[in-house]
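# Report on the structure
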Amino acid sequence: MINRIRNTIKIYQIIGDFTEVFLFPRLTNKNNARLLHLVRTERIHFKSIRNQGLKNLASRKFSSFDTVEALENSGFPYETHNVVTEDGYILTLHRILGSNGYDKLTGIAEENRIPVFLQHGLWSSSGDWVVSGTSHSLAFLLSKNGYDVWLGNARGNLYSRRHKWLCPIKDSKDFWNFSWHEMGYMDLPAMIDFVLKVTEKKQLFYVGHSLGTTMCFVLLSTKPEYNDKIKAVFALAPVAYLNNLRSEVLRHLARVSDRLYDVLEMTGYHSFMPKNGLVSVVDGLLSRNTSTLMNNAPLILSNLSGYASEDVKKNLKEVIIAHIAAGTSTKVLAHFAQSLRTEKSFRQFDFGVEKNIVAYGQKEPPCYQLSNIRIPIVLFYSKEDWLSTMEDVEALADVLENSIKGNLIRKKIELNNFNHLDFIWGSVARQNIFNDILTYMKTF
C-alpha cells in the first residue's frame, strides 16, 4: 500500500509539472487562472501529506461508492454475473431482477420483461445508474416500470479489472493496452450476447452515457450484425466528434496529450485514476473541511464539463467519487484527445504512420463506418454541455440521419446549467431524460 501511495504521488507530480509547464501558460481567462492557483495549492497539500508520513496516509479508510452495496440497500433483488471477452478480460454485469411491490403494479411477468442494457461513461462504472437512489436513478425507474435491467462495466474499471492470464499490476503494460475501440469491439458484444442468452430474448434496449455511447457507435459500425440485437439506442450526451469541445483546459491538454501520453507510458503509468491510487488521495483531500479542492469543485467541473446544476453541486463529493473512482487506461484518454485534434473524424487509434501500416495496412487509422448503423437512435444533448457539445452532436446526427432516416430523434435540453453530469444524476435527469426514455421505449 505504501508503495502505491508513493507511486500515486509520483504520477501526481509528473502531471502537475506537465500541467504547469505546457498547459496553464496557454490559458488566459480568470477562471483558468484560478484553476492554476488551485492546482498549485493542492500540490502543496500533497507535499504536506507526504511529509506527515506515508504510513498515516496508507492507514486511512477512504470513502467509496459500491454498486453491490447500493443494490443491497435498495431492496431490489439483484444478481452479479461475470462475462469473458474474446481477448480474456473478465467483465462484471449487475442485474436488477424486479422491484418487489412494483411487479404487481406493472403486471408484467418475469419472462416477458424486455432487457435494457445500461453502459456507463468515462472513469466510471455501473454505479452511475444507481448512485441517485431508488427514486431518481434510471436503473431503478426502469425496473419499476417492468424492464429487466442490466448494468455493464467496461474493461479496466473497478468491477472489470481481471483477466484470464494477465495481471493488472504485474502485466500492467499488456493489461492496460486498450482504448475505447476494444471496449466497443470486444466488451459490448460479450456483454450483450450474454444478456440475450440468459434472458432468452432476441433484442434489448441500449442506454449509454458519454463513453457508453462511443462504445455503441464503435460496435454498430464494426459489427453491423448487432443492429439486429438492439431494438433502439438512447444516447445521453453522445460522443463521437469532439471538434467543438468548449473546455479550454481540455482543448489545450489535448494538444499536448501525445507528449503526456509518452511520459506516462515511459514511466510505467498505463492506467489512470484507479480506485486504490490517485482517487483515494483525492478523496482524502475532499474529506478536509477546509479543502481548497472541495471548495472549488464547482470551478473544476465548470472548466471541464460546463456549469453544474444545483442537483450535482448538492451531492458534489458523492458524484465526483462515484464518477472518477472506477479507473481506466491512459490509452482511452489518448484516443479521445486524438479525436479532438482530427476535424470531424471518428476513427480508430492512431499509432503513428509506421505502426498504423502494421496495424491497419495504411498510414492513417480507418474511420468507423457510421453508415452501418440502421436502428432507431434517440440523441439527448444539451446546449450547456461542454464535452458533448450541441454542434458536435448535431454533426453526428446529420451523418446518422443518412442511414437511419426517419428513426433518428434529436432531443435537445434547453435548461440552463444542465451539463455533462446532469444526464444521469438527480431529479433534473428524471424529469428531462428518464421519463422521455420510458415513453420512447413504448413506441419502439
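Note that the coordinates shown come from a computational prediction; the quantities given were computed from them, not determined experimentally.

## Some words on the overall build of the chain
- Assigned secondary structure in the chain consists of 20 helices and 11 strands.
- For the chain, with 444 residues in total, the buried portion stands at 57%.
- In the chain, of all internal contacts separated by at least 6 residues, the share reaching a separation of at least 24 is 77%.
- When the accessible surface of the chain is split by element, carbon and sulfur atoms take 50% of a total near 18,600 Å².

## Considering the UniProt feature "active site" (unreviewed entry) in the chain
- The feature "active site" (unreviewed entry), as given by UniProt, occupies Ser210, Asp385 and His420 in the numbering adopted here. The largest pairwise C-alpha distance within this set of annotated residues, which runs over 211 residues, is 11.1 Å, so the set is compact in three dimensions.
- For Ser210, a relative accessible area of 9% puts it in the buried group.
- Excluding residues within four positions of it along the chain, Ser210 makes contact with Gly121, Leu236, Ala237, Val239 and His420.
- Mapped onto the fold, Asp385 is located in the loop between β10 (377–382) and α19 (390–404).

## As for the packing of helix α10 (residues 248–255) against helix α17 (residues 330–341)
- One can describe the packing of α10 onto α17 by two numbers: an axis separation of 9 Å at closest approach and a directional angle of 100°. In terms of axis orientation, α10 runs roughly perpendicular to α17. Touching Leu250, Arg251, Ala254 and Arg255 of α10 are Ala337, Leu340 and Arg341, all from α17.
- Of the residues contributing to the contact of α10 with α17, the split by class is four nonpolar, no polar and three charged.

## Structural notes on the packing of aromatic side chains
- Going through the model one piece at a time under the given rule, you end up with 18 aromatic pairs.
- Ring pairing ties together the aromatic residues Tyr89, Phe175, Trp176 and Phe178, which thus form one cluster.
- Lys223 extends its terminal NZ or CZ atom over the ring of Tyr185, reaching a point 4.2 Å from the ring centre.

## Here we look at the pairing of strand β3 (residues 115–119)
- Counting buried positions along β3 yields five of five residues, so the element is predominantly enclosed.
- Neither face of β3 is left uncovered, since the one carrying Pro115, Phe117 and Gln119 and the one carrying Val116 and Leu118 both have all their residues buried.
- Note that β3 and strand β4 (residues 148–151) share four bridges and pair parallel. Considered in β4, the bridge of Phe117 is made with Trp150.
- The parallel pair β3 and β4, bridged by helix α6 (residues 138–144), forms a crossover whose chirality is right-handed.

## Observations regarding helix α8 (residues 180–199)
- With 20 residues, α8 should reach 28 Å at 1.5 Å per residue; the first-to-last C-alpha distance of 27 Å fits that figure.
- At Asp187, α8 shows its largest bend, some 35°, and a proline, Pro189, comes one to four positions later.
- Following α8 by one or two positions, Glu200 has its phi on the positive side, about 60°.

## Section: the packing of α8 against helix α9 (residues 211–222)
- Where α8 meets α9, the closest approach of the two axes is 8 Å, and the angle between their N-to-C directions is 80°. Considered as vectors, α8 and α9 are oriented roughly perpendicular to each other. Along the contact surface, α8 presents Trp180, His181, Met183, Gly184, Tyr185, Leu188, Pro189 and Ile192, while α9 presents Leu211, Thr214, Met215, Cys216, Val218, Leu219 and Thr222.
- Looking at the contact of α8 with α9, its residues break down into 11 nonpolar, four polar and no charged.

## Topic: the pairing of strand β7 (residues 230–236)
- Buried residues dominate β7, accounting for six of its seven residues.
- Two strands pair when backbone bridges link them, and strand β6 (residues 204–209) and β7 are joined in this way by six bridges, in the parallel orientation. Counterpart to Leu204 in the pairing with β7 is Ile230.
- Here four bridges tie β7 to β10, and the two strands are oriented parallel to one another. Within the sheet, the bridge partner assigned to Phe234 lies in β10 and is Val378.

## Concerning the pattern of salt bridges
- Applying the stated criterion across every chain yields a total of 14 salt bridges.
- The partner of Glu86 in a salt bridge is Lys223, and the shortest N-O contact between them spans 3.8 Å. Of this pair, Glu86 sits in the loop between β1 (78–84) and β2 (89–96) while Lys223 sits in the loop between α9 and β7, and the two are 137 residues apart along the sequence.
- Judged by its relative accessible area of 60%, Glu86 falls in the exposed class.
- For Asp87, the salt bridge identified is with Arg155, shortest N-O distance 2.8 Å. Taken together, the residues span a long stretch of sequence, with Asp87 in the loop between β1 and β2 and Arg155 in the loop between β4 and β5 (162–163) at a distance of 68 residues.
- The buried category is assigned to Arg155, whose relative accessible area is 1%.

## Some thoughts on the environment of His420
- Along the polypeptide, His420 turns up in the loop between β11 (408–413) and α20 (426–441).
- According to the relative accessible area criterion, His420 is buried, its value standing at 5%.
- Between the alpha carbons of His420 and Pro238 there is a distance of 9.8 Å; along the sequence they are 182 residues apart.
- Here Ser210 takes part through its side chain, which lies 2.8 Å from a polar atom of the side chain of His420.
- In terms of polar contacts, His420 uses its side chain to reach the side chain of Asp385, at 2.8 Å.

Cut-offs and rules
Residues numbered from 1 in each chain as written. Predicted model: local features only at pLDDT ≥ 70, side-chain atom pairs only at ≥ 80, totals over all residues. Heavy atoms only, no water. Helix = DSSP H or I, 4+ residues; strand = E, 2+ residues; numbered from the N terminus. Buried < 20%, exposed > 50% of the residue type's maximum accessible area, 1.4 Å probe, protein only. Contact = heavy atoms within 4.5 Å. Areas by Shrake-Rupley, 256 points an atom, 1.4 Å probe, with all protein chains shown as cover. UniProt positions renumbered as here; feature names shortened; annotations may be inferred. Axes fitted to C-alpha atoms, helices over the stretch in contact; angles between N-to-C directions. Parallel < 35°, antiparallel > 145°, perpendicular 65-115°, else oblique. Nonpolar A, V, L, I, M, F, W, Y, C, P; charged D, E, K, R; others polar. Phe/Tyr/Trp six-rings, centres within 6.5 Å; stacked < 30°, edge-to-face > 60°. Lys NZ or Arg CZ within 6 Å of the ring centre and 35° of its normal. Pairing = 2+ DSSP bridges. Right-handed = clockwise from strand over helix to strand, strands pointing away. Expected span 1.5 Å × (residues − 1). Bend = angle between axes of the 7 residues up to and from the residue. Salt bridge = Lys/Arg side-chain N within 4 Å of Asp/Glu carboxyl O. Polar contact = N/O pair within 3.5 Å; in protein donor to acceptor, adjacent residues only side chain to side chain.

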